[in-house]
Amino acid sequence: MAWQRVLSAASRPGLRSARSLAARGYHAVGGSAAPRAANTWNRVNHRSLGVLGSFGSRSLHGTGEKLQAAPVPQAVALSKLTDNFLDGTSSVYLEELQRAWEADPKSVDPSWDLFFRNFTGVADSAPGLSGQTIQESMRLLLLVRAYQVNGHMKAKLDPLGLDVRTPPVELDPALYGFTDVDLDREFFLGVWRMAGFLSENRPVQTLRSILARLEQAYCGTIGYEYMHIPDREKCNWLRDQIETQVPGKYGSTRRAQILDRLVWGTNFESFIAQKWTAAKRFGLEGCETLIPGMKELIDYAADRGVENVVIGMPHRGRLNVLGNVVRKPLRQIFSEFSGGIKPPNEAGGYTGSGDVKYHLGTSYDRPTRSGKRIHLSLVANPSHLEAVSPVVIGKTRAKQYYSNDKDRSKNMAVLLHGDGSFSGQGVVYETLHLSDLPNYTTGGTIHLVVNNQVAFTTDPKSSRSSPYCTDVAKALNAPIFHVNGDDVEAVVHACELAAEWRCKFKSDVVVDIVCYRRFGHNEIDEPSFTQPKMYQVIRNHPTSLEIYEKKLVESGQLTQEEIKSIENRVFEILNDEFNNSKDYVPRTRDWLAAYWAGFKGPEQLSRIRNTGVKPEILKSVGKSLSTIPPDFSPHRAIKRIYEQRAQMIETGQGVDWATAEALAFATLLVEGNHVRLSGQDVERGTFSHRHAVLHDQQTGAKYCPLDHVMMDQEDEMFTVSNSSLSEFGVLGFELGYSMENPNSLVLWEAQFGDFANGAQVVFDQFLSSGEAKWLRQAGLVCLLPHGYDGQGPEHSSARLERYLQMSDDNPHVIPEMDPSLRKQIQEVNWQVVNVTTPANYFHVLRRQIHRDFRKPLIVMSPKNLLRHAACKSNLSEFDDVQGHDGFDKQGTRFKRLIKDYNFDSTREESVRRMILCSGKVYYELDEERQRSQLKDLAICRVEQLCPFPWDLILREINRYPNAEIVWCQEEPMNMGGYSYIAPRLATALRSAGRGSYEDIKYVGRPPSAATATGFGSMHVEEQKELLHKALQEAPIINGLSKAHSPLSA
């Protein structure tokens, strides 16, 4: 065969004149030679099939020559054409194909028949084809592919015309040996299993028509990036959509509808600007085409079976999207501008703090163009750009679970981004990275980037290192459609294509709407301070509505009178809604993205329920949890652990932490609740204690006992999943998941508690304050391993103090604590606990579900207590029907405070010191007390720090009337619970007539910048000194003790 010889020579014919010019450093333009420096040539990066690779300016506002209307053949260096077109595999295939053709020309596809006829010189003498050689065929394929790969670099994307980029040399026909003489020659294009121009059924075309079509498809007002996708089916589908589309696809009826939607998007902003001239609204001016684009996307998705769309977006354009896309009543939006954002306090109703109008969410059903109805939810979010993204994805995944949407076709997420945040915020990548993980995927998200070409005041060249703000999405193999924001039909088409892609391939897609910001970051900002040239252009630039109206009038599809009629109708409706807004009375329910029927707000009394479980149920589920199938081969150590668990259930003695947790999960499942646990290494557990998923040592198969608690248990009813190495993204996801349905226990576990600060935005902006700002309850549980055991500064503290600092209960006011009237836990923003027994852990988890409201729960989960000999519970404590050692009148529920087991009388006058503590330090104190045989010390465990257990603290203060009151903790004084406990304990002491703040004694480490020492020996010494001081005979003195302890404050 002569393939290799022919292909290696494929670049030489037809380039002799160009080669001589290139050798002298000249550039051929329009047939004349002009000097050009050698270093101006763009570097060619050969890709697969010899395609020349990436090229382009770093940002959209670069400099360079004017874009050419049509490609002009240019002389190029011969060295740029030396790569072989075929690799070894494809050449072997072609050789086999040629042998089959030589034996029987009819045995191959007609396109290959014609191909080999040309190659061997036996082609029919059809006009225009007689001169096509194999070299020209290969070069033409390279040229087509160059447009597919790099055409977007020549696309007319910038509506302001400031982005003048030099067209990539890869798009020059002269690079492939074609001259002006070849423009009217006919060429055949055909390659097996390709689509678009390269499909085998494409007609013969002249080079001129091929170039014109390529320019139209790839270099118009939409630039496509998809050739990075390593999937032939997906690429072929996109080629067909891009290369075979018919220009001017919209008829007069559709264009009238597009115009109507654009009028609404534009006039909404101008109407508000007229009524509230000084108000910040973060308007959409400069990207009004987003509104018809989003509405088309939603209509398109609804026609393909989507029933729910969950939307997340920043503040820019949010009010416009709320009013025109989601259909939030305009009178309500206008009322919010007039200061009527807070609902009336009806009958003591809870209204929270509220939030600015451009952070609020909503939820509505709206009709589509085809008459269907679709439910839209816009999730409330803070000013922290992109923080809402994983929340939206989690909420979407939950919707899919609860609607049994296993193929991900009924529920879809749409995320809007800014250009600066999409490239700059790490949570974007964390969220993208979840897209194809089995327990996190939602079947694809549509990303719409409102690309202002400036981030607040920062130019693109200072805000990213990549050519486009969307390049991060290439890591996901997502197609990216860059579109000129002034071309409303192009925006609509790109959104249609994105919706079609998501519905067909169930994967992410990005639409980058390149637009501008007519005003500054907000309407009262002055953008000319930092972008003077840009805003000189913007001041004189027509709106997208003016551009589209002019196009429709000039084409004769609409008259000026018809357009004026549409605008008048929109204005009348806006004005009517404005007038009605003056009497609008907001309701609390209007704020909710979804309403949880029957669940109570903070102002409504909720009955306290027991959380114990019948013994027979505990035994039954316990047996399921400790049983491994006989044909399954677990690791021998894990087999022993499960045998021990079976013994715990059988005897009812020595139930450890992991077993208690599994019992809580299993009993909730039996009651019909969904349970989901997520985080890094949660299947095994960071400290190798949970072992929720077993691995067969012979086959690698997996087995999860909690999947088999009931007969025919539903898939995913229990979900435990190791997550990606992400805190921000995964915690946000689980928060969104927990918000969808209250009848689910959703937990996120940090690998170590201190790693949670990687998700601090979620704690600060959503979990701690979401109910106050947006009236959205969430019952998410956060498990944060915490405890001082010598592992150093980074693995000791979960930063308990931070969560307590964000708690909103008043330290100086004792609330109503009567069990029949108590609303304390409903009125606080969240719960913070530091639990010390497996039974109490069991009850606090079940308490999350067994009440008619939801609150986030922060758990300082243990590390060394997981296997501590004394940290065990009896199975009777999970029920309390028959009582047990240390039985407490609080009953079969979570114990907010655990009293000292040595003292049962209501008054113990002989006790000289009452030590209040929380967490594992209790066990060390108790062990040292027993060793020293001290009978006059009481140690009480504060299991629930927030909300503060006033009634139980007062009970213990009154129980020990002569006792010195001590707060003992392992953490430094400026950390841990001390700063939160001390003022509340002082209020309790004053209430009991026992003293004040000065009477609280502190035992713990002194203030420190680091959470703990990194030296093991020093940790041991510190811990010994801490225990010694807490239990010393002499009274404790705040400041330096008699022994001048370095641990005293």
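Residues numbered from 1 in each chain as written. Predicted model: local features only at pLDDT ≥ 70, side-chain atom pairs only at ≥ 80, totals over all residues. Heavy atoms only, no water.

Let's shift gears to the overall build of the chain. The number of helices and strands found in the chain is 32 helices and 26 strands. Within the chain, the proportion of its 1049 residues that are buried is 60%. The long-range share in the chain, meaning contacts at least 24 apart out of those at least 6 apart in sequence, stands at 80%. Counting every atom, the chain has about 41,000 Å² of accessible surface; 51% of that belongs to carbon and sulfur. (Helix = DSSP H or I, 4+ residues; strand = E, 2+ residues; numbered from the N terminus. Buried < 20%, exposed > 50% of the residue type's maximum accessible area, 1.4 Å probe, protein only. Contact = heavy atoms within 4.5 Å. Areas by Shrake-Rupley, 256 points an atom, 1.4 Å probe, with all protein chains shown as cover.)

Turning to the pairing of strand β16 (residues 718-722), a few remarks are in order. Most of β16 sits inside the fold, with four of its five residues counted as buried. Pairing analysis gives five bridges linking strand β13 (residues 674-679) to β16, with the strands arranged parallel. Within β16, the position partnered with L677 by the bridge is V720. (Pairing = 2+ DSSP bridges.)

Across the interface, helix α20 (residues 615-625) lies against helix α21 (residues 636-651) with an axial gap of 9 Å and an inter-helix angle of 170 degrees. With respect to α21, the element α20 is oriented roughly antiparallel. Between α20 and α21, the residues in contact are L618, K619, G622, K623 and L625 and Y642, I649, E650 and T651, respectively. Broken down by class, the residue content of the contact of α20 with α21 amounts to four nonpolar, two polar and three charged. (Axes fitted to C-alpha atoms, helices over the stretch in contact; angles between N-to-C directions. Parallel < 35°, antiparallel > 145°, perpendicular 65-115°, else oblique. Nonpolar A, V, L, I, M, F, W, Y, C, P; charged D, E, K, R; others polar.)

All right, on to helix α18 (residues 544-554) then. Residues of α18 that are buried: S544, L545, Y548, E549 and L552. Take α18 and look down its axis: the buried residues cluster within an arc of 130 degrees, on one side only. In α18, those exposed residues whose orientation departs by more than 90 degrees from the buried face are K550 and E554. (Arc of directions from axis to C-beta.)

Most of strand β9 (residues 411-418) is tucked away, with eight of its eight residues classed as buried. Where burial is concerned, the two faces of β9 agree: the one with N411, A413, L415 and H417 and the one with M412, V414, L416 and G418 are both buried. The pairing of strand β6 (residues 308-312) with β9 spans five bridges and is parallel. Within β9, the position partnered with V309 by the bridge is M412. In terms of strand pairing, β9 meets strand β10 (residues 445-451) through six bridges, oriented parallel. Each bridged residue has a counterpart across the sheet, and for A413 the counterpart in β10 is T445.

Most often, soluble globular proteins keep nonpolar side chains buried together rather than apart. F763, L784 and L925 are the most contacted members of the largest nonpolar core, which totals 143 residues. Broken down by element, this core gets its largest block of residues, nine residues, from helix α22 (residues 657-670). With sequence-adjacent residues up to four places away left out, F763 is seen in contact with L731, W748, A756, S768, C782, Y803, M806, W830 and I858. One finds M138, L140, V306 and I513 within the second-largest nonpolar core, a separate group that totals 102 residues. (Core = buried A, V, L, I, M, F, W, Y, C linked by side-chain atoms within 4.5 Å.)

For the rest of this paragraph, the subject is the pattern of salt bridges. Inspection of every chain in the model, using the stated rule, returns 47 salt bridges. One salt bridge in this structure joins D809 and R984, with 3.2 Å as the shortest N-O distance. Within this pair, whereas D809 is found in the loop between α26 (800-805) and α27 (824-827), its partner R984 is found in helix α31 (residues 978-992), the two being separated by 175 residues in sequence. On the basis of relative accessible area, D809 is assigned to the buried category, the value being 13%. (Salt bridge = Lys/Arg side-chain N within 4 Å of Asp/Glu carboxyl O.)

One open sheet holds the seven strands; their spatial order is β16-β13-β17-β18-β20-β19-β24, and the pairing between them is mixed. Every interior strand has two partners, whereas the edge strands, β16 and β24 (944-946), have only one. Neighbour-to-neighbour, the strand axes of this sheet turn through a mean angle of 20 degrees, independent of strand direction.

Below, the discussion takes up the packing of aromatic side chains. Counted by the stated rule, this structure contains 27 aromatic pairs. Centre to centre, the rings of F268 and F334 are 6.5 Å apart; their planes meet at 25 degrees, and the pair counts as stacked. Of this pair, F268 sits in helix α8 (residues 252-275) while F334 sits in helix α11 (residues 330-337), placing them 66 residues apart in sequence. Accessibility expressed as a relative area gives 1% for F268, which makes it buried. Taken together, a centroid distance of 5.9 Å and an interplanar angle of 40 degrees make the contact between F665 and F718 tilted. Placement of F665 in helix α22 and of F718 in strand β16 is noted, with a sequence separation of 53 residues between them. Each residue in the set F268, F271, F334, F571 and F578 is aromatic and connected to the rest through ring pairs, giving one cluster. The aromatic ring of Y440 is capped on one face by R676, whose charged end is 5.1 Å from the ring centroid. (Phe/Tyr/Trp six-rings, centres within 6.5 Å; stacked < 30°, edge-to-face > 60°. Lys NZ or Arg CZ within 6 Å of the ring centre and 35° of its normal.)

Bringing the confidence of the model for the chain into the picture now. Per-residue confidence for the chain gives a mean pLDDT of 83, with 82% of residues at or over 70. Across residues 125-130, confidence stays below pLDDT 50; counting only partners more than four residues off in sequence or on other chains, it has eight contacts. (pLDDT = per-residue confidence, 0-100.)

Here we come to helix α5 (residues 134-150). Its 17 residues place the ends of α5 24 Å apart at the C-alpha level, agreeing with the 24 Å of an ideal helix rising 1.5 Å per residue. Burial within α5 is extensive, with 17 of its 17 residues counted as buried. (Expected span 1.5 Å × (residues − 1).)

As for its placement among the helices and strands, P819 is situated in the loop between α26 and α27. Spatially, the C-alpha atoms of P819 and I608 are 7.5 Å apart, while their sequence positions differ by 211 residues.

Reading across the sheet, the five strands line up as β21-β23-β22-β25-β26 and stay open at both edges, with mixed pairing between neighbours. The open sheet has two edge strands, β21 (897-898) and β26 (1000-1005), and neither has a second partner.

This next bit is on unusual backbone geometry. Here the bond from C946 into P947 is cis, since omega is -5 degrees, no more than 30 degrees from zero. Summarising the element assignment, P947 is placed in the loop between β24 and α30 (950-959). For N404, which is not glycine, the phi torsion reads 55 degrees and is therefore positive. Tracing the sequence through the fold places N404 in the loop between α12 (388-402) and β9. Within the chain, S688 stands out as a residue other than glycine whose phi angle is a positive 55 degrees. Looking at S688, the relative accessible area reads 24%, which means it is partly exposed.

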